[in-house]
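# Geometric and topological summary
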Amino acid sequence: MPFWRWAWLAALIPVQAQVNAPAYPVREIRSICQSAPGSGADILIRHYSEQLSKRLGKPVVVENMPGAQGKIATSAAARAKPDGYTILITPASASLAASKHIFKDLGYDPDKDFTPVATLVQHGVAIAVSPKLGVQSMADLTQHLKNKTGHGAYGSSSNTSIAAAELYKEKTGLQTTQVRYKDANTMVLDLLRGDLDWISSDIGFLASRANSLKILALTSSTRTPWMPDLPTMAEAGLAGMDVPSWWGVVVPAGTPKPIVDKLTQLFNDISNSDETKKFLKGLAIDPMPGSAEQMTAMLKRDSERWARLVQLAKIDKE
């Protein structure tokens, strides 16, 4: 056979393989969740997972792996086969950008073990107290704590909320004892029981419990349109407390680009849908659709920012 015919056949092989390759997906997808069932994070992840399932026509099963500040779930996602059948919907500003500055041993490399897919939402961290405390503002809370031996105790359940709380302590000279929780619902119960003086948590979770809590201020640079009466920390007299907090989707590094591109398109479609906008409004969270390239740039920017935040808040690596 002439050489040109061999060359023609060789060139045809990858094309034919692509034609014969099964369309993605052909089976269920695993969506790993870093939080306990029923938590604010779990509710958000389940919404996006259900919407993805509708668009793909295949089940997207949420697998909860709470504990260790999200390291257990993130490590599991990093070790998964890079075939598009494992996704991690994650508070990326904390689990990927901040984590390497907070933990000595992660069990995963946030820079090398994942491929960004899309940004999803953004929200601030807020500080809240029990209405029984009688505190109406951040100034009131600071004075209350300074009048208390040891400056009381606060609860937190994520890297971002810890950083916001420790920044508040650093700016006010407080020595409030930190209590970490795996389950944010238990944290709220302890607050209402009087075991804690205040809590630091994401605004979506706190907004869903606004009837039982007094939310004092938000760590975003601007107010959220869903709670326009809630002041920012700067407006409350605590400038420099804009702590980045946003969510995105990643897959294990090495996942084929056509699959990543398809997921990017679908997740942006979900974030832009009226159904999701209505859902996010109920959580006081703002949609933030974005490309894989935008997410990569944000992770780099926020990693540099978290290095400064951790140093400023004097957070020792665990």
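So, here's what we can say about the structure.

What counts, and where the lines are drawn
- Residues numbered from 1 in each chain as written.
- Predicted model: local features only at pLDDT ≥ 70, side-chain atom pairs only at ≥ 80, totals over all residues.
- Heavy atoms only, no water.
- Pairing = 2+ DSSP bridges.
- Helix = DSSP H or I, 4+ residues; strand = E, 2+ residues; numbered from the N terminus.
- Axes fitted to C-alpha atoms, helices over the stretch in contact; angles between N-to-C directions.
- Contact = heavy atoms within 4.5 Å.
- Phe/Tyr/Trp six-rings, centres within 6.5 Å; stacked < 30°, edge-to-face > 60°.
- Buried < 20%, exposed > 50% of the residue type's maximum accessible area, 1.4 Å probe, protein only.
- Lys NZ or Arg CZ within 6 Å of the ring centre and 35° of its normal.
- Right-handed = clockwise from strand over helix to strand, strands pointing away.
- Salt bridge = Lys/Arg side-chain N within 4 Å of Asp/Glu carboxyl O.
- Expected span 1.5 Å × (residues − 1).
- Core = buried A, V, L, I, M, F, W, Y, C linked by side-chain atoms within 4.5 Å.

Whether parallel or antiparallel, the strands of a sheet pair through hydrogen bonds between backbone atoms. Read across the sheet, six strands follow the order β2-β1-β3-β10-β4-β11 without closing on themselves; strand pairing throughout is mixed. Each end of this open sheet is capped by a strand with a single partner; those strands are β2 (60-64) and β11 (286-290). Ignoring strand direction, the axes of neighbouring strands in this sheet form an average angle of 25°. As defined by bridge partners, strand β3 (residues 86-90) adjoins strand β10 (residues 246-252) across three bridges and the pair is classed as antiparallel. Bridge pairing in β10 places Ile89 opposite Val249. Where helix α9 (residues 257-272) meets the sheet, its contacts fall on β3, β4 (114-122), β10 and β11, and the angle it forms with β4 comes to roughly 5°.

In this structure the tally under the stated criterion is five aromatic pairs. Judged by centre distance (6.1 Å) and plane angle (75°), the rings of Tyr108 and Phe114 are edge-to-face. A relative accessible area of 10% places Tyr108 in the buried class. Between the aromatic rings of Tyr154 and Trp198, the centroid separation amounts to 4.4 Å while the plane-to-plane angle is 15°, which identifies the pairing as stacked. With Tyr154 in strand β6 (residues 153-156) and Trp198 in strand β8 (residues 198-202), this pair connects stretches of sequence that are 44 residues apart. Considered together, Tyr154 and Trp198 belong to a single accessibility category, that of buried residues. Joined through ring pairs, the aromatic side chains of Tyr154, Tyr168 and Trp198 make up one cluster. In this arrangement the basic side chain of Arg27 is found over the ring face of Tyr85, its NZ or CZ atom lying 3.8 Å from the centre.

Moving on to the pairing of β2. Summarising the sheet, strand β1 (residues 29-33) and β2 pair through five bridges and their orientation is parallel. Its bridge partner lying in β2, Ile29 is registered against Val60. Handedness of the crossover is the feature at issue here: the chain leaves β1, passes through helix α2 (residues 40-56), returns alongside β2, and the resulting connection is right-handed.

Right, let's talk about the environment of Ala284 for a bit. Relative to the helices and strands, Ala284 resides in the loop between α10 (274-282) and β11. Between the alpha carbons of Ala284 and Ala210 there is a distance of 11 Å; along the sequence they are 74 residues apart.

Turning our attention to the side chain of Asp42. Secondary-structure assignment places Asp42 in helix α2. Since its relative accessible area comes to 3%, Asp42 is described here as buried. Once residues within four sequence positions are removed from consideration, Asp42 is found in contact with Cys33, Ser35, Ala36, Pro37, Val62 and Asn64.

Right, let's talk about the pattern of salt bridges for a bit. Following the criterion strictly, the structure yields 15 salt bridges and no others. One salt bridge in this structure joins Arg27 and Asp83, with 3.2 Å as the shortest N-O distance. With a gap of 56 residues between them, Arg27 in the loop between α1 (3-20) and β1 and Asp83 in the loop between α3 (71-79) and β3 connect regions that are remote in the sequence. The class of Arg27 is partly exposed, set by a relative accessible area of 43%. Take Asp83: its relative accessible area is 16%, and that puts it in the buried class. In this structure, the salt-bridge partner of Asp195 is Arg193, at a minimum N-O distance of 3.2 Å. For Asp195, a relative accessible area of 47% puts it in the partly exposed group. One network of salt bridges, with partners in common, ties together Asp190, Arg193 and Asp195.

Within an α-helix, residues lying three or four positions from one another point in the same direction, as the helix has 3.6 residues per turn. Here helix α6 (residues 159-172) contains 14 residues, and its C-alpha end-to-end distance of 20 Å stays within 8% of the 20 Å for a straight helix at 1.5 Å per residue. α6 sits mainly inside the fold: twelve of its 14 residues count as buried.

A few words now on the sheet that holds strand β5 (residues 125-129). Read across the sheet, five strands follow the order β7-β6-β8-β5-β9 without closing on themselves; strand pairing throughout is mixed. Unpaired on one side and paired on the other, β7 (177-180) and β9 (214-218) mark the two borders of the sheet. For this sheet, the mean inter-axis angle between neighbouring strands, taken without regard to orientation, is 30°. Pairing of β5 with β8, which is carried by four bridges, proceeds in the antiparallel orientation.

Okay, the nonpolar core next. Counting 47 residues, the largest nonpolar core has Phe114, Ile127, Met138, Leu141, Tyr168, Trp198 and Trp306 as the members making the most contacts within it. The set of elements that each furnish at least two residues to this core consists of α3, α4 (92-102), β5, α5 (138-146), α6, β9, β10 and α11 (292-313). Among all residues touching Leu141, those that are not within four sequence positions of it are Ile127, Val129, Leu133, Val135, Tyr168, Asp197, Trp198 and Leu216. Of all hydrophobic cores here, the second largest spans 30 residues; its members include Ile29, Ala41, Val251 and Leu266.

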